[in-house]
Amino acid sequence: MYIFKEIHSLQLHLEAEKKAGRTVGFVPTMGALHDGHISLITAAREQSDVVVCSIFVNPTQFNDPKDYEKYPITINEDVSKLVAAGTDVLFLPTVAEMYPEGVHGEHRHYDFGYLETVLEGAHRPNHFQGVGIIVHKLLEIVQPTGLFMGQKDFQQCMIVKKLLEITQMPVNLVICATRRETDGLAMSSRNMRLSADERKLATAIYNVLVGLKQNIGSTPLPDLKQNAILALEKQGFLVDYIEVADANNLRVVSAPIPEGMVALAAAKLNEVRLIDNMLL
Ligand code: PAF
């Protein structure tokens, strides 16, 4: 696996690959890789000639500075996992390489409209602007054929879809299913920050989503959401939201709709904020 820390050398390498007619599959990550990330690499491996992964903990998408400081960094393990999964190229830039204008410099503003005003957007001010900035920069650098992202970050996937529309980039967004631990907890780099006791409790998020899915036809939605919130609070979570939305546009619904729905949850267990979702 080639490792590039500089944009210029990565681009020289990829230009040669593209000139030789090879397609490029790209998996952007913030590292602390788990099997969820590796499933994205596997999907990219199956659908592309060259697989590029980036590891960059992007400061502009963290609305909470403590969350940024504590974001797990496990670069040696990440490199081994990427090699084992058949990754061709790792892009590992510094903050200065990605933000020559400065992290607090002037950045482009993206009009994500309604999508940015709800759920994660409402609870994490400017988070999706930060995601838009970095994903746009990375896509301009890598210019991949396919972009592989996880459904675990459902709203982020919708934001990136919108980013591709706004920027008119000819990139095929491939959304891959959430990978879960055996007890149902969605795989996430943040799980590493859970204590043993918190880890046992964390599966409650998955359980309330399953409960919601099972009872959506028989119990009024407001009651289902309230029960889910109470169940999480009972386990010691501080709930940001439990919502059910139209899976096509994230419009929050108050009664079931036939177009397809998604239940989304975000809650904090002491210091660690977890999110998850489930198609209903
Ligand atoms: O999902 C993530 O890990 C990040 O939000 C991403 C897409 C790599 C952008 O920093």
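**Thoughts on the site of the ligand**
Near the ligand, the surroundings consist of Pro28, Thr29, Met30, Asn58, Gln61, Ile134, Met149, Asp153 and Gln156. Take Gln61: an N or O atom from its side chain is 2.6 Å from an oxygen atom of the ligand. Interatomic distance of 2.7 Å between a side-chain N/O atom of Gln156 and an oxygen atom of the ligand. Bound to the protein, the ligand loses 90% of the 290 Å² it would expose on its own. Residue composition of the shell around the ligand, grouped by class: 4 nonpolar, 4 polar and 1 charged.

**A short note on the pattern of salt bridges**
Throughout the structure, instances matching the rule amount to 11 salt bridges. Here Arg22 and Glu17 are joined by a salt bridge, their closest N and O atoms 2.5 Å apart. Looking at Glu17, the relative accessible area reads 14%, which means it is buried. Residues participating in the shared-partner salt-bridge network are Asp67, Arg124, Arg190 and Arg193.

**A short note on the sheet that holds strand β7 (residues 237–246)**
Spatially, 3 strands are ordered β7-β8-β9 in an open sheet, and the strand pairing comes out antiparallel. Each having just a single partner strand, β7 and β9 (272–279) make up the two edges of the open sheet. Adjacent strand axes in the sheet meet at a mean angle of 10 degrees when their direction is disregarded.

**Structural notes on helix α7 (residues 127–142)**
For α7, which comprises 16 residues, the first-to-last C-alpha distance of 22 Å matches the rise-based estimate of 22 Å (1.5 Å per residue) to within 8%. Buried residues dominate α7, accounting for 15 of its 16 residues.

**Observations regarding the pairing of strand β6 (residues 172–176)**
Pairing of strand β5 (residues 146–150) with β6 involves 5 bridges; the strand directions are parallel. Within β6, the position partnered with Phe148 by the bridge is Val174. This β-α-β element, β5 to helix α8 (residues 154–167) to β6, shows right-handed connectivity.

**Some points on the pairing of strand β2 (residues 24–29)**
In terms of burial, β2 is largely enclosed, as 6 of its 6 residues are buried. Alternating residues of β2 divide into Val24, Phe26 and Pro28 and Gly25, Val27 and Thr29, and every residue in both groups is buried. By the bridge criterion, 6 bridges tie β2 to strand β3 (residues 50–55) in an arrangement that is parallel. Across the sheet, the residue bridging to Val27 is Cys53, located in β3. In this fold, β2 hands off to helix α2 (residues 35–47), which returns the chain to β3; that crossover is right-handed. Pairing geometry for β2 and β5, over 2 bridges, is parallel. Bridging from a neighbouring strand, Phe26 pairs with Leu147 of β5.

**Digging into α2**
Helical geometry note: an α-helix holds 3.6 residues per turn, so side chains three or four residues apart project in the same direction. Spanning 13 residues, α2 covers 18 Å between terminal C-alpha atoms, matching the ideal 18 Å at 1.5 Å per step. If you check which residues of α2 are buried, you get Gly36, His37, Ile38, Ser39, Leu40, Ile41, Ala43 and Ala44. Packed against the buried residues of α2 are β2, β3, α4 (75–84), β5 and β6.

**Topic: the packing of aromatic side chains**
Applying the stated criterion to the full structure yields 5 aromatic pairs. Geometrically, the ring pair formed by Tyr2 and Phe4 is stacked, given 6.1 Å between the ring centres and 15 degrees between the ring planes. Under the relative-accessibility criterion, Phe4 is labelled buried at 12%. A ring pair is formed by Phe56 and Tyr99, whose centres lie 6.3 Å apart and whose planes are at 35 degrees; its orientation type is tilted. On the criterion of sequence distance, the pair formed by Phe56 in the loop between β3 and α3 (65–69) and Tyr99 in the loop between α5 (95–98) and α6 (120–123) is long-range, its members being 43 residues apart.

**With respect to the side chain of Ser188**
With respect to the helices, strands and loops of the structure, Ser188 is situated in the loop between β6 and α9 (196–202). A distance of 3.1 Å separates a polar side-chain atom of Ser188 from the backbone nitrogen of Arg190. Dropping the residues within four chain positions of it, Ser188 is found in contact with His34 and Lys152.

**Digging into the environment of His37**
Examined against the element boundaries, His37 turns out to sit in helix α2. Residue classification places His37 among the buried positions, given a relative accessible area of 12%. When the C-alpha atoms of His37 and Met187 are compared, they prove to be 8.9 Å apart, with 150 residues separating the residues in sequence. Discounting residues that sit within four places of it in the chain, His37 has contacts with Thr29, Gly31, Ala32 and Ser189.

Cut-offs applied
Residues numbered from 1 in each chain as written. Predicted model: local features only at pLDDT ≥ 70, side-chain atom pairs only at ≥ 80, totals over all residues. Heavy atoms only, no water. Near = heavy atom within 4 Å. Polar contact = N/O pair within 3.5 Å; in protein donor to acceptor, adjacent residues only side chain to side chain. Areas by Shrake-Rupley, 256 points an atom, 1.4 Å probe, with all protein chains shown as cover. Nonpolar A, V, L, I, M, F, W, Y, C, P; charged D, E, K, R; others polar. Salt bridge = Lys/Arg side-chain N within 4 Å of Asp/Glu carboxyl O. Buried < 20%, exposed > 50% of the residue type's maximum accessible area, 1.4 Å probe, protein only. Pairing = 2+ DSSP bridges. Helix = DSSP H or I, 4+ residues; strand = E, 2+ residues; numbered from the N terminus. Axes fitted to C-alpha atoms, helices over the stretch in contact; angles between N-to-C directions. Expected span 1.5 Å × (residues − 1). Right-handed = clockwise from strand over helix to strand, strands pointing away. Contact = heavy atoms within 4.5 Å. Phe/Tyr/Trp six-rings, centres within 6.5 Å; stacked < 30°, edge-to-face > 60°.

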